[in-house]
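A structural walkthrough
What follows is the residue order along each chain.
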Amino acid sequence: MARTDDAAYLRGSGSFHHILPLHRSSKPDVRNVTFSVASLADVDAITARIPAAGGTVVSGPQPLAEAGGGTAVVINDPQGRILRFVHGDARHLEALDRAHRDAPEHITHVVFNSTDVAVAQRFFEEALGFCLSDRTKIMAFMRCNNDHHSIALADSDANTLNHIAFVMPDLEAAMRGAGRMSDAGWPIEWGVGRHGPGNNVFSYFVGPDDFVIEYTADVLQVDDSYRTGGPSDWGWPARRFDQWGVSKPLSDRIKQAQKKIRFIEQ
Ligand SMILES: [Fe+2]
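Let me begin by describing the structure that accompanies this report. (Residues numbered from 1 in each chain as written. Predicted model: local features only at pLDDT ≥ 70, side-chain atom pairs only at ≥ 80, totals over all residues. Heavy atoms only, no water.)

**Examining the pattern of salt bridges**
Applying the stated criterion across every chain yields a total of twelve salt bridges. The salt bridge involving Asp-157 is made with Lys-259; its shortest N-O contact spans 3.9 Å. Of this pair, Asp-157 sits in the loop between strand S11 (151-155) and strand S12 (161-167) while Lys-259 sits in the segment after helix H4 (252-257), and the two are 102 residues apart along the sequence. Across the pair Asp-233 and Arg-227 runs a salt bridge whose closest N-O atoms are separated by 3.4 Å. On the accessibility criterion, Arg-227 (58% relative accessible area) is exposed. Residues joined in a network through salt bridges with shared partners are Asp-102, Glu-172 and Arg-176. (Salt bridge = Lys/Arg side-chain N within 4 Å of Asp/Glu carboxyl O. Helix = DSSP H or I, 4+ residues; strand = E, 2+ residues; numbered from the N terminus. Buried < 20%, exposed > 50% of the residue type's maximum accessible area, 1.4 Å probe, protein only.)

See the structure below:
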């Protein structure tokens, strides 16, 4: 972990320098969501496409003056979220030891609530190169690599944060992680279960400041041959909330929390 006077940069068990920076603040807002980009040319290409797609370039591309570094462009999307696209950031070469084998590896997806999912979806497609994996009655699942989704956009009445999903090495680690959270006083608010779109195992928690956290594993790997599903392809029978039939419905607490966290205003 790297630390400054008012920030802590927490790593996962994977190679990223950090996966979750926490900044001192009077409000529990999201400052930004940062994406790892494969090349500087891709950072430049994203930068060039932002204005025509309805976003704003806030800064860069330029060196990022914070732990981990790299070259980043910072943008504002059409619904006010601050997104950063980074290449050349520092990486850990060594794996964490066995004591941390059940720790989250990295953030595998973030779900945004959106007042107009079509607008957000178009921006992620046209400016950022995402494509739609599945559209359910309530959510658009978007991918930018072989993971079934890295972003999902949920129909809502405000542009807030729905949840952040940390990927665990495997199903066993996801279950151990859920047990560890329960032991520490953060009970499962939804799950354990296996989702429909993405086929991933899930358990959800309401964390500090009511941030909604998902522990997940087994995310479906897809390629261009994946058939994009629509609302009629996805639905559960009455009283079903996951593929296994073991998950209870979402708690009232998580339903409130997943609408609560706002994005900082630029
Ligand atoms: Fe999720």
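And the narrative resumes.
**Focus on the side chain of Ser-150**
Tracing the backbone through its elements, the reader meets Ser-150 in the loop between strand S10 (139-143) and S11. Judged by its relative accessible area of 10%, Ser-150 falls in the buried class. In this view, Ser-150 contacts Thr-108, His-109, Val-110, Phe-130, Met-142, Arg-143, Cys-144 and Asn-145; residues no more than four positions away in its chain are not counted. (Contact = heavy atoms within 4.5 Å.)

**A short note on the layout of surface pockets**
The computed volume of the second largest pocket comes to approximately 830 Å³. Elements that contribute at least two residues to the lining of the second largest pocket include exactly strand S8 (106-114), S10, S11 and S12. A class-by-class count of the residues in the lining of the second largest pocket yields 14 nonpolar, twelve polar and five charged. (1 Å grid on protein atoms, 1.4 Å probe; cavity = no way out; pocket = protein on both sides within 12 Å on 5 of 7 lines; lining within 4 Å. Points joined across faces, edges and corners; volume = space filled by probe spheres on them. Nonpolar A, V, L, I, M, F, W, Y, C, P; charged D, E, K, R; others polar.)

**Considerations on helix H3 (residues 171-183)**
Along its 13 residues, H3 runs 18 Å from first to last C-alpha, staying within 8% of the 18 Å computed at 1.5 Å per residue. Lining the buried residues of H3 we find strand S14 (201-206) and strand S15 (212-217). Of the residues one or two after H3, Gly-185 is the one with positive phi, at around 95°. (Expected span 1.5 Å × (residues − 1).)

**Notes on the sheet that holds strand S4 (residues 33-36)**
Strands pair in a sheet through their backbones, by hydrogen bonds, and they do so in one of two ways: parallel or antiparallel. Here we have four strands laid out as an open sheet, ordered S4-S7-S6-S5, and mixed in their pairing. Only two strands of the sheet have a single neighbouring strand rather than two, namely S4 and strand S5 (56-63). Strand-to-strand twist in this sheet, taken as the mean axis angle between neighbours without regard to direction, amounts to 20°. One ladder, built from four bridges, connects S4 with strand S7 (residues 82-87); its direction is parallel. Within S7, the residue paired with Phe-35 across the bridge is Phe-85. Sitting on the sheet, helix H1 (residues 40-49) touches S5, strand S6 (71-76) and S7, and the angle it makes with S5 is about 160°. (Pairing = 2+ DSSP bridges. Axes fitted to C-alpha atoms, helices over the stretch in contact; angles between N-to-C directions.)

**Some remarks on the coordination of the iron ion**
The iron ion binds to the protein through His-109 (NE2), His-163 (NE2) and Glu-214 (OE), with metal-donor distances spanning 2.0 to 2.2 Å. Here the donor residues of the iron ion are spaced in sequence according to H-x53-H-x50-E. Taken together, the residues His-163 in strand S12 and Glu-214 in strand S15 connect sequence positions 51 residues apart. Residue classification places His-163 among the buried residues on the basis of a relative accessible area of 5%. (Donors = N, O, S within 2.8 Å, 3.2 Å for Na, K, Ca; no water.)

**Thoughts on the sheet that holds strand S13 (residues 190-194)**
Strand order in the open sheet formed by eight strands is S9-S10-S11-S8-S12-S15-S14-S13, and the pairing between neighbours is mixed. On the outer flanks of this sheet lie strand S9 (131-135) and S13, each paired with one strand and no other. Strand-to-strand twist in this sheet, taken as the mean axis angle between neighbours without regard to direction, amounts to 20°. Taken together, the four bridges between S12 and S15 define a ladder with parallel strand orientation. Within S15, the position partnered with Ile-164 by the bridge is Ile-213. The strands touched by helix H2 (residues 117-126) within the sheet are S8, S9, S10 and S11, with S11 carrying the most contacts at an inclination of about 165°.

Spatial relationships are all this shows, so hold off on functional conclusions.
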